[in-house]
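Descriptive structure summary
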Amino acid sequence: MFDTLPTSSAAVADWTWDQFAPYYDDLLARPLSAESVDQWLADWTAVSALIDELNTRFTITTTTNTADEALEVRYRAFLDELVPRQMEAEQHVKQKLLASDLEPAGFAMPLKKLRAEAELYRDENLPLIAEHRKLTLDYEKLAGARTVTWDGAEIPLVQLYPVLEETDRDRREVAWRLMRSRVLDDSAALADLWRQMMTVRAQLAANAGFPSYREYRWQQLFRFDYIPEDAKRFHAAIEEAVVPAAARIYERRRQKLGAPSLRPWDLQVDPSGLPPLRPYAAMDELETKTARLFRAVAPQFAGYFETMRIEGLLDLESRRHKAPGGYSLTYTVTRRPFIFCNFSAAAGTHDDVQTLLHEGGHAFHSFEMATLPYLQQRSEQMVPIEFAEVASMGMELLASPFLTAERGGFYSPAEAARARMDHLSGIITFWPYGAMIDALQHWMYEHPREAAAIEACDDYWETLEDRFRPALDWSGLELEKRTMWRQQGHVYADPFYYIEYAMAQLGAVQVWANSLRDHPAAAAAYRRALALGATVPLPVLYETAGAKFLFNAKTLGAAVELIERTIAELVPVAASTDAGGSGGAPA
């Protein structure tokens, strides 16, 4: 009966579960054998991908306009009425395949993950999973509604970030305090939302027979290659090998600024007193020049990006009622990615360039694995996040040598050197922050009753600030210091999704190190790894890309040494007074 199944998610946008159910019934009724399993998997992919793409389209439309109440009602109905029924049907289909003992080609790793999912499944968790997604929607709506009044105009909160790059220290301080104040205005709502999220997560874990949500989530994220204690050892390695390097970066910054201490609003401004980089003045310019960077990494990537531009798969402009942040999601039927970012072209920043490169890496990962036949080999839920972020962070680093206008990018040589120094310094200062976010979450789910009160999480975060970022001066900012974690959406919307960034950054630095010796070979290895999708174990993905899945102080130390050496080489270039420069808005 799969001959009657529509091939477009638009054609099933208004379908109820009763219209999808016969296709799942057909899968369950059909005998499975070595001869029939390939077609059976193809049919399973067809129906599952349609529903997955519907969910993706809802996610995209509700984040591009958080104020569309009619759309939100439809999405909540989808989550309440269709998704639980589909999850139940998917469980039965998984069990049928697992019971068959069949292993189609390229399906060993997906089978392992399907088995983990099947073990997690509980009927009583279906409404809780829907409730959890709705709480995430509530968080995104809250964050997307944040505006501030600046220079006499009401603007989305995200449009204030470029002010933190300005050379006027007093103005930066006012902007920073205003941003923190606006987030703190949501304290009561965030506290209530957080309590509900912790309650739902604890119940999900208990229903599935896990002692805590961390163990439940570990299996849900398919973390087969490391355990929670390994993550904690990674935190300790960061403390040993990276925190001293971050302190050196902060101290150089403080000296260049001529400041008695380093305050939170001193972290984005150019420490030499130069005006902020303004790489573009319009979105078309950002897209065109970023496409050239992608072409320099590998011609195929420029082709993918041009396809996205032509097909309207980019939403980059900042506007009111648009959720903050950025992401790349894949439409699993059309096998096309969509990039969402919240940029302000009126004050385009280098962070915008980095973010588009980052999300471009995710998008190209989708393109590269699109030829894999089955959804379970290429869906974002099946690809290890620890490697998916190598795709994105690796792209940032692989493109970094091509930032100059003479090579098709945005900047003069001196400006490009400044941008690269800032990026590389940011890698070092990010690792401690990444450890902090992950360590906070380990504490939260080791102490779930205490952590259900958001103020207790604030208390623990304060200890992490002292441990991992002792160079920052928070005097007079005690409340802001304790609550900085509240701006990190992953903690609310994607629990335990953060250590992957720190791990993947280390993998990406190894890919970049290879490119410094032989760029074409490194880019080719990177592409080969992306194309594997979810068909091989995580360490094999790293190895194929030319990296090692190691997270000890020795490996971190080698990465830090390369970064610091490269920064030292860039210092005289950044200090030069070359002519030319960015084609963007005047600084």
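A short tour of the structure in this document, coming up. (Residues numbered from 1 in each chain as written. Predicted model: local features only at pLDDT ≥ 70, side-chain atom pairs only at ≥ 80, totals over all residues. Heavy atoms only, no water.)

Considering the overall build of the protein chain
Quick note on the threshold: Working definition: helices are DSSP H or I runs of at least four residues, strands are E runs of at least two. Numbering for both runs from the N terminus. Restricting the calculation to C-alpha atoms gives the radius of gyration, and the globule rule supplies 2.2 Å times the number of residues raised to the power 0.38. Between two residues, a contact is recorded if the distance between any of their heavy atoms is within 4.5 Å. Accessible areas in this description were obtained via Shrake-Rupley with a 1.4 Å probe; residue shielding takes into account the shown protein chains only. Charged residues are defined narrowly, with Lys and Arg counted positive, Asp and Glu counted negative, and His plus the chain ends left uncounted. Where a charge lies is defined by one atom per residue type, namely NZ (Lys), CZ (Arg), CG (Asp) and CD (Glu).
Along its length, the protein chain carries 24 helices and 5 strands. For the protein chain, the C-alpha radius of gyration of 24 Å lies close to 25 Å, the compact-globule estimate for 587 residues. Along the longest, intermediate and shortest principal axes, the C-alpha atoms of the protein chain span 75 × 50 × 50 Å. Sequence separation of 24 or more characterises 76% of the internal contacts of the protein chain that already satisfy a separation of 6 or more. For the protein chain, the accessible surface area stands at approximately 22,700 Å², while carbon and sulfur atoms represent 52% of it. Charged side chains in the protein chain number 60 positive and 83 negative. The centres of these two groups are separated by 3 Å.

A closer look at the pairing of strand S1 (residues 147–150)
The side chains of a regular strand alternate, first on one face of the sheet and then on the other. Basically, it comes down to this: A strand pair is defined by DSSP finding two or more bridges across the two strands.
Summarising the sheet, S1 and strand S2 (residues 153–156) pair through 4 bridges and their orientation is antiparallel. Pairing of Trp-150 across the sheet is with Ala-153, part of S2. Once S1 ends, the chain turns through 2 residues before running back antiparallel as S2, passing Asp-151 with a positive phi of about 50°.

Structural notes on the nonpolar core
Basically, it comes down to this: The term nonpolar core refers to a set of buried residues drawn from Ala, Val, Leu, Ile, Met, Phe, Trp, Tyr and Cys, joined through side-chain atoms within 4.5 Å. Whether a residue is buried, partly exposed or exposed follows from its accessible area with a 1.4 Å probe, protein chains only, as a fraction of its type maximum: under 20%, in between, or over 50%, in that order.
Core analysis: the biggest nonpolar cluster contains 152 residues, and Trp-194, Trp-431, Met-444, Trp-485 and Tyr-542 have the highest contact counts within it. Considering every element that reaches this core, the biggest residue donor is helix H16 (residues 413–446), with 18 residues. Leaving out residues up to four positions away in the same chain, Met-444 has contacts with Trp-194, Met-198, Ala-451, Cys-457, Trp-485 and Val-491. Judged by nonpolar contacts, the second largest core, of 45 residues, contains Tyr-24, Leu-54, Ala-116 and Val-383.

So, the packing of aromatic side chains
Inclusion rule: For Phe, Tyr and Trp, where Trp contributes only its six-membered ring, two rings pair if their centres lie within 6.5 Å, and the inter-plane angle classes them as stacked under 30 degrees, edge-to-face over 60, or tilted in between. Lysine NZ or arginine CZ positioned within 6 Å of the ring centre and within 35 degrees of the ring normal marks a charge as sitting over the ring.
A full pass over the atoms with the stated rule returns 44 aromatic pairs. Consider the rings of Phe-58 and Phe-78, whose centres lie 5.2 Å apart with planes at 40°: the pair is tilted. With Phe-58 in helix H2 (residues 37–64) and Phe-78 in helix H3 (residues 69–100), this pair connects stretches of sequence that are 20 residues apart. Phe-78 shares its class with Phe-58; the two are buried. Summarising the aromatic geometry, the rings of Tyr-226 and Phe-549 are spaced 6.1 Å apart at their centres and angled 55° between planes, so their arrangement reads as tilted. Of the two residues, Tyr-226 is situated in the loop between helix H8 (213–220) and helix H9 (228–241) and Phe-549 in the loop between helix H23 (538–545) and helix H24 (553–574); the sequence distance between them amounts to 323 residues. Linked through ring pairs, Phe-210, Tyr-213, Tyr-216, Trp-218, Tyr-226, Phe-234, Phe-387, Tyr-445, Phe-496, Tyr-542, Phe-549 and Phe-551 together constitute an aromatic cluster. Lying across the ring of Phe-224, Lys-112 places its NZ or CZ 4.6 Å from the centre.

Concerning the pattern of salt bridges
Under the convention used in this document: What makes a salt bridge here is a side-chain nitrogen of Lys or Arg within 4 Å of a carboxyl oxygen of Asp or Glu, nothing more.
Tallied over the entire structure, the rule returns 47 salt bridges. Two residues, Arg-527 and Glu-368, come together in a salt bridge whose shortest N-O distance is 2.7 Å. Here Arg-527, found in helix H22 (residues 519–531), pairs with Glu-368, found in helix H13 (residues 350–368); they are 159 residues apart in sequence, far enough to count as distant. Judged by its relative accessible area of 9%, Glu-368 falls in the buried class. Between Arg-486 and Asp-458 there is a salt bridge, with the nearest N and O atoms lying 2.5 Å from each other. One end of the pair, Arg-486, is in the loop between helix H19 (478–483) and helix H20 (489–493); the other, Asp-458, is in helix H18 (residues 454–468), with 28 residues separating them in the sequence. Given a relative accessible area of 6%, Arg-486 falls into the buried group. A network of salt bridges, in which partner residues are shared, links Arg-214, Glu-215, Glu-229, Lys-232 and Glu-446.

Describing the side chain of Glu-480
In this fold, Glu-480 is placed in helix H19. Arg-177 provides the closest opposite charge to the buried, salt-bridge-free Glu-480, at an N-O distance of 4.7 Å. With near-sequence residues (within four places) excluded, Glu-480 lies in contact with Trp-176, Arg-180 and Trp-474.

A closer look at H3
Note the following rule: By definition here, a helix of n residues has an expected span of 1.5 Å times n minus one. One axis is fitted to the seven residues ending at the residue and one to the seven starting there. The bend at that residue is the angle between these axes. Here a polar contact is taken to be a pair of N or O atoms separated by no more than 3.5 Å, where protein atoms must pair a possible hydrogen donor with a possible acceptor and residues adjacent in sequence count only if both atoms sit in side chains.
Given a rise of 1.5 Å per residue, 32 residues ought to cover 46 Å, and the 45 Å separating the end C-alpha atoms of H3 matches this to within 8%. The largest bend in H3 is about 35°, located at Leu-82, with the proline Pro-84 one to four residues further on. Capping the start of H3, Asp-68 holds a side-chain oxygen 3.3 Å from the backbone nitrogen of Ala-70, two or three residues further along. One or two steps after H3, the chain reaches Asp-101, where phi turns positive at roughly 60°.

A word on helix H10 (residues 243–257)
The criterion, for reference: Each direction from the helix axis to a C-beta atom contributes to the arc, which is the arc of those directions.
The end-to-end C-alpha distance of H10, which contains 15 residues, comes to 21 Å, matching closely the 21 Å that a straight helix rising 1.5 Å per residue would cover. Where H10 is concerned, the buried positions are Val-243, Ala-245, Ala-246, Ile-249, Tyr-250 and Arg-253. Within H10, the buried residues cover an arc of 160° as seen down the axis, which keeps them to one side. Next to the buried residues of H10 lie H9, H16, H18 and H24. One or two steps after H10, the chain reaches Gly-258, where phi turns positive at roughly 70°.

Quick word on the pairing of strand S4 (residues 326–331)
Counted residue by residue, S4 has 5 buried out of 6 residues, so it is predominantly covered. Bridging between S4 and strand S5 (residues 336–343) involves 6 bridges; their strand directions are antiparallel. The residue of S5 that forms the bridge with Leu-329 is Phe-338. Turn length for the S4-S5 hairpin, with the two strands adjacent in sequence and antiparallel, is 4 residues, and the turn residue Arg-335 shows positive phi of about 60°.

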